[in-house]
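What follows is each chain in one-letter form.
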Amino acid sequence: MQALAFVDLETTGATSSADRITEIGIVTVDADGAVEEWQQLVNPGVPISPFIENLTGISNRMVASAPPFAAVADETLRRLQGRLFVAHNARFDHGFLKHEFKRAGVRFKGPALCTVKLSRALYPEQQRHSLDALIERHGLQAAARHRALADAQLIHQFWQIAHRERSPEQIAAAIAAQNPPCVLPPQIDPALADDLPETPGVFILQDAEAQVLWISRAGNIARQLSQFFAAPEKTSRDRQVREQVQRILWHETAGEIGARLLEARLRALSPPSLQRPRRHSGGPAPRWPFAGPAMLRELSTLHLVDQWRYLGTAETPDALPALLNSARPSFDADIYAILSKHAEHLRPLELITPS
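Residues numbered from 1 in each chain as written. Predicted model: local features only at pLDDT ≥ 70, side-chain atom pairs only at ≥ 80, totals over all residues. Heavy atoms only, no water.

### Structural notes on the environment of A64
Along the polypeptide, A64 turns up in the loop between helix 2 (60-63) and helix 3 (69-80). With 17 residues separating them along the chain, A64 and P47 place their C-alpha atoms 9.9 Å apart. (Helix = DSSP H or I, 4+ residues; strand = E, 2+ residues; numbered from the N terminus.)

### A short note on the packing of helix 3 against helix 4 (residues 90-103)
Where helix 3 meets helix 4, the axes come as close as 10 Å, and the angle between the chain directions of the two elements is 125 degrees. Classified by the angle their axes make, helix 3 and helix 4 are oblique. For the pair helix 3 and helix 4, the crossing hand works out as left-handed. Of the residues in helix 4, those in contact with F69, A73, T76, L77 and L80 of helix 3 are L97, E100 and F101. Class assignment of the residues belonging to the contact of helix 3 with helix 4 gives a composition of 6 nonpolar, 1 polar and 1 charged. (Axes fitted to C-alpha atoms, helices over the stretch in contact; angles between N-to-C directions. Parallel < 35°, antiparallel > 145°, perpendicular 65-115°, else oblique. Left-handed = near helix turned anticlockwise from the far one by under 90°. Contact = heavy atoms within 4.5 Å. Nonpolar A, V, L, I, M, F, W, Y, C, P; charged D, E, K, R; others polar.)

### Some details on the environment of R239
Mapping R239 onto the fold places it in helix 10 (residues 236-244). In this structure R239 comes out as partly exposed when scored by relative accessible area, which is 38%. Put simply, R239 and F229 are 10 residues apart on the chain and 9.9 Å apart in space, counted from C-alpha to C-alpha. (Buried < 20%, exposed > 50% of the residue type's maximum accessible area, 1.4 Å probe, protein only.)

### Re the sheet that holds strand 2 (residues 21-29)
The sheet built from 5 strands is open, its strands ordered 3-2-1-4-5 with mixed pairing. If you trace the sheet from one side to the other, it starts and ends with strand 3 (35-41) and strand 5 (112-114), each paired once. Within this sheet the neighbouring strands show an average axis-to-axis angle of 20 degrees, counted without direction. By the bridge criterion, 8 bridges tie strand 1 (residues 4-11) to strand 2 in an arrangement that is antiparallel. Following the sheet pairing, L9 is matched in strand 2 by I24. The strands that helix 4 touches are strand 1, strand 2, strand 4 (84-87) and strand 5; relative to strand 1, the one it contacts most, it runs at about 80 degrees. (Pairing = 2+ DSSP bridges.)

### Brief notes about the environment of A208
Within the element layout of this structure, A208 appears in the loop between strand 6 (201-206) and strand 7 (212-218). Classification of A208 as exposed rests on a relative accessible area of 59%. The sequence separation of A208 and V245 amounts to 37 residues, and the corresponding C-alpha distance is 7.2 Å. Those residues within four positions of A208 in sequence are excluded, and the remaining contacts are Q244 and Q246.

### Considerations on the side chain of S216
For S216, the location among the structural elements is in strand 7. Of the residues examined, S216 reaches a relative accessible area of 10% and is grouped as buried. In contact with S216, other than residues within four places in its own chain, are G201, V202, F203, Q224, E263 and R267.

### A word on the pairing of strand 6
Within strand 6, 6 of the 6 residues are buried, which leaves the element mostly enclosed by the surrounding structure. Residues G201, F203 and L205 point to one face of strand 6 and V202, I204 and Q206 to the other, with burial holding for every one of them. Two elements, strand 6 and strand 7, share 6 bridges in a ladder whose sense is antiparallel. Within strand 7, the residue paired with V202 across the bridge is R217.

### Things to note about unusual backbone geometry
Most peptide bonds adopt trans geometry, and most residues besides glycine take a negative phi value. Unusually for a residue other than glycine, A210 sits at a positive phi of about 65 degrees. Within the secondary structure, A210 sits in the loop between strand 6 and strand 7. Positive phi, normally seen in glycine, also occurs at Q307, with a value near 55 degrees. Take Q307: it is sitting in the loop between strand 10 (301-306) and strand 11 (309-314).

### With respect to helix 9 (residues 221-230)
Inspection of helix 9 places I221, A222, L225, S226, F228 and F229 among the buried residues, and these make up the whole buried set. Each buried residue of helix 9 lies within a common arc of 155 degrees when the element is viewed along its axis, so the set occupies one face. Contact partners of the buried residues in helix 9: strand 6, strand 7, helix 10 and strand 8 (247-252). Two or three places before A222, at the opening of helix 9, N220 has a side-chain oxygen 3.2 Å from that residue's backbone nitrogen. (Arc of directions from axis to C-beta. Polar contact = N/O pair within 3.5 Å; in protein donor to acceptor, adjacent residues only side chain to side chain.)

### Observations regarding the packing of helix 11 (residues 256-268) against helix 13 (residues 333-340)
The geometry of helix 11 relative to helix 13 is characterised by a closest axis approach of 10 Å and an angle of 175 degrees between their N-to-C directions. In terms of axis orientation, helix 11 runs roughly antiparallel to helix 13. Facing R260, L261 and A264 of helix 11, the residues of helix 13 in contact are I335, I338 and L339. Broken down by class, the residue content of the contact of helix 11 with helix 13 amounts to 5 nonpolar, no polar and 1 charged.

Take a look at the structure:
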């Protein structure tokens, strides 16, 4: 039996890049069947809205004396490492934890299983697969809804019922469908699969002479790279890339914005064969709404922009002066197309010189 961790989180909102965790609930099941439960309130460092307070029952007063996530990161990781991460809408919970671990300086990686998808695969005759639907359908019992440990217990109960009602072969197939093996070309060391990050970024494929064959952004580098090599070859170009690739590089980013900006910058510097059709950049740049540079925050990173020109990304405010003093690139319509979609989140730069 595989070791498991049934996980549920309560948070200040639905966006992992901006909202924070307020409570963690984990039910661990060891290979020998031993079960352990753990619940931890977390101080999110930001106010909890009245709507979230009413939904979860977790108030600002309750978390005021709770530890921040960084203080419980090691204990959380200990309970998750080496286990299959199981959650209802796993992308939400797994994504929130990845962001929180990253803020704490910890790399979090591992297979995840979504019980929404599992329910759809095992009970295709049913129309609804929300946690409330599973409670009603399977008679699951919980002391409280929308509290982390109670919901993790519900997920564990569903897992047990599914194993009684469906065959091991059906369950194994449903699990395998969610976590397909990483596919790499035969000339690439298969051990590389263990190093590929499950984070946003850009991957680059090179040949034996370090010539760039392919550049692509990804929401999940490991998954998208595997899908790239597993997909059927549609053109001779696809075949050429797979036969010639000898080296795989990647750059992680905080999120999708950083991945798009980095891909656009790398493509602009790449050979013509790798450049996508570009938007016309002639003429002046569109009106800039600020008196000077502005920044676009994505998690803990800062994208520095001036006159719709992307100057670079800083991990800390200390790195901003160097970007401000760098040469200004020419206006790029592709960069503008990316930044303009997030114009409402741009903020005037108030540079504080580090002491």
